[in-house]
Amino acid sequence: AQSVTQLDSHVSVSEGTPVLLRCNYSSSYSPSLFWYVQHPNKGLQLLLKYTSAATLVKGINGFEAEFKKSETSFHLTKPSAHMSDAAEYFCVVNGPGAGSYQLTFGKGTKLSVIP
Amino acid sequence: GAGVSQSPSNKVTEKGKDVELRCDPISGHTALYWYRQRLGQGLEFLIYFQGNSAPDKSGLPSDRFSAERTGESVSTLTIQRTQQEDSAVYLCASSLNIDREQYFGPGTRLTVT
């Protein structure tokens, strides 16, 4: 079965410093991987997705993620945090089976940005 | 344009009562999904509708849960004889087609007392 593990439940960074949100996945097939963001009182929004094309994926708002098969990781990064980045971030894998529409979500990482 | 909407935003019900949750997908989206998010957990897939095809109900946790969709529009998720473990945020999403981005609604927070 497919699964994702978000290694930190809470990350706190200062404004202007880099952001790293860690995600490891487990899958028996070539997965599609996603990062979603949820701002307070807002719906989930897709940040970026990996679907077996380029391993470095660029998303919205300056975020990017790198798919590393050897490490089964899909960490989310941003060079410089902004106050508006404070939100909860979910790493997501599709499945069961490649091409599946079912999404399996991690438990989320809450990002705090300190002014 | 309008996004996915859900109603009610909050629902408090007594154990044993039935509840009905509503989802209005984005117009033109043929695929519709229901998910559940219990406190401290990631989202769990519940059910999927695609056009006139038979729905994928593989994620429904028990026969107390059911869902319907009218054509390619509104969907309702019904929970019968609610239990305290049903307390969660229920999220609806829609997509243009099976392999396109899922757009999520704001969710319905269900509390069973």
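This text follows the structure it describes.
Residues numbered from 1 in each chain as written. Chains lettered and ligands numbered in written order. Predicted model: local features only at pLDDT ≥ 70, side-chain atom pairs only at ≥ 80, totals over all residues. Heavy atoms only, no water.

Check the secondary structure of chain B and you find zero helices and ten strands. Each helix and strand of chain B, placed in order from N terminus to C terminus, yields the pattern β-β-β-β-β-β-β-β-β-β. Here chain B has a C-alpha radius of gyration of 13 Å; the compact-globule value for 113 residues is 13 Å, and the two agree. Its C-alpha atoms give chain B principal-axis dimensions of about 35 × 30 × 25 Å. Within the span of chain B, comprising 113 residues, buried residues form 49% of the whole. (Helix = DSSP H or I, 4+ residues; strand = E, 2+ residues; numbered from the N terminus. Rg over C-alpha atoms; globule rule 2.2 N^0.38 Å. Buried < 20%, exposed > 50% of the residue type's maximum accessible area, 1.4 Å probe, protein only.)

Once that is clear, we can look at the side chain of A:Ser73. Examined against the element boundaries, A:Ser73 turns out to sit in strand 9 (residues 73–78). Setting aside residues no more than four positions away along its own chain, A:Ser73 makes contact with A:Cys23, A:Asn24, A:Tyr25, A:Glu66, A:Phe67 and A:Lys68. (Contact = heavy atoms within 4.5 Å.)

Of note, the bond from B:Ser7 into B:Pro8 is cis; its omega dihedral lies within 30 degrees of zero at -10°. Topologically, B:Pro8 is positioned in the loop between strand 1 (5–7) and strand 2 (10–13). At A:Asn61, a position not held by glycine, the phi torsion is positive, near 60°. Tracing the backbone shows A:Asn61 in the loop between strand 7 (56–58) and strand 8 (64–68). A positive phi is found at A:Thr72, a non-glycine position, where the angle reads about 45°. Along the chain, A:Thr72 turns up in the loop between strand 8 and strand 9. Its relative accessible area of 33% is what places A:Thr72 among the partly exposed residues.

Residues and elements named next belong to chain B. Residues Val19, Leu21 and Cys23 line the buried face of strand 3 (residues 19–24), whereas the alternating positions Glu20, Arg22 and Asp24 sit on a face that is not buried. One ladder, built from three bridges, connects strand 1 with strand 3; its direction is antiparallel. Bridge pairing links Gln6 to Cys23 in strand 3. Across five bridges, the pairing between strand 3 and strand 7 (residues 75–79) is antiparallel. Residue pairing for strand 7: Val19 is matched across the bridge by Ile79. (Pairing = 2+ DSSP bridges.)

Here the focus is the packing of aromatic side chains. Evaluated as defined, the whole model comprises 14 aromatic pairs over all chains. Ring geometry for A:Phe63 against A:Tyr89: centres 5.5 Å apart, planes inclined by 45°, an arrangement best described as tilted. Note that A:Phe63 is positioned in the loop between strand 7 and strand 8 and A:Tyr89 in strand 10 (residues 87–94), a separation of 26 residues in sequence. No difference in accessibility class separates A:Phe63 from A:Tyr89, as the two residues are buried. Ring centres 6.4 Å apart and planes at 25° place the aromatic pair B:Tyr33 and B:Tyr35 in the stacked group. Residue class for B:Tyr35 comes out buried when judged on its relative accessible area of 0%. A network of ring pairs unites the aromatic residues A:Phe34, A:Tyr36, A:Phe90, A:Phe105, B:Tyr33, B:Tyr35, B:Phe45, B:Tyr48 and B:Phe104 as a single cluster. (Phe/Tyr/Trp six-rings, centres within 6.5 Å; stacked < 30°, edge-to-face > 60°.)

Residue and element names in this part refer to chain B. Taken in spatial order, the four strands of this open sheet run 1-3-7-6, and their pairing is antiparallel. Looking at which strands have only one partner, the edges of the open sheet turn out to be strand 1 and strand 6 (65–69). Each neighbouring strand pair of the sheet contributes to a mean axis angle of 15°, computed without reference to strand direction. (Axes fitted to C-alpha atoms, helices over the stretch in contact; angles between N-to-C directions.)

On to the pattern of salt bridges. Residue and element names in this part refer to chain B. Overall, the coordinates contain eight salt bridges over all chains when judged by the stated rule. A salt bridge links Arg22 to Asp24; the shortest N-O distance between them is 2.9 Å. With relative accessibility at 37%, the residue Arg22 sits in the partly exposed group. The exposure class of Asp24 is partly exposed, given its relative accessible area of 24%. (Salt bridge = Lys/Arg side-chain N within 4 Å of Asp/Glu carboxyl O.)

Let us look at the interface of chain A and chain B. At the junction of the two partners, chain A supplies eleven residues and chain B supplies 18 residues. Carbon and sulfur atoms supply 57% of the area buried between chain A and chain B, which totals about 1,400 Å² over both sides. The interface formed by chain A and chain B includes zero salt bridges. Across the chain A-chain B interface, the total number found is three residue pairs in polar contact (both at pLDDT 80 or more). Of all the elements in the fold, those that place two or more residues in the side of chain A that touches chain B are strand 6 (44–50) and strand 11 (103–105) of chain A. Split by residue class, the side of chain A that touches chain B holds seven nonpolar, three polar and one charged. (Buried area = accessible area lost by both parts, 1.4 Å probe. Polar contact = N/O pair within 3.5 Å; in protein donor to acceptor, adjacent residues only side chain to side chain. Nonpolar A, V, L, I, M, F, W, Y, C, P; charged D, E, K, R; others polar.)

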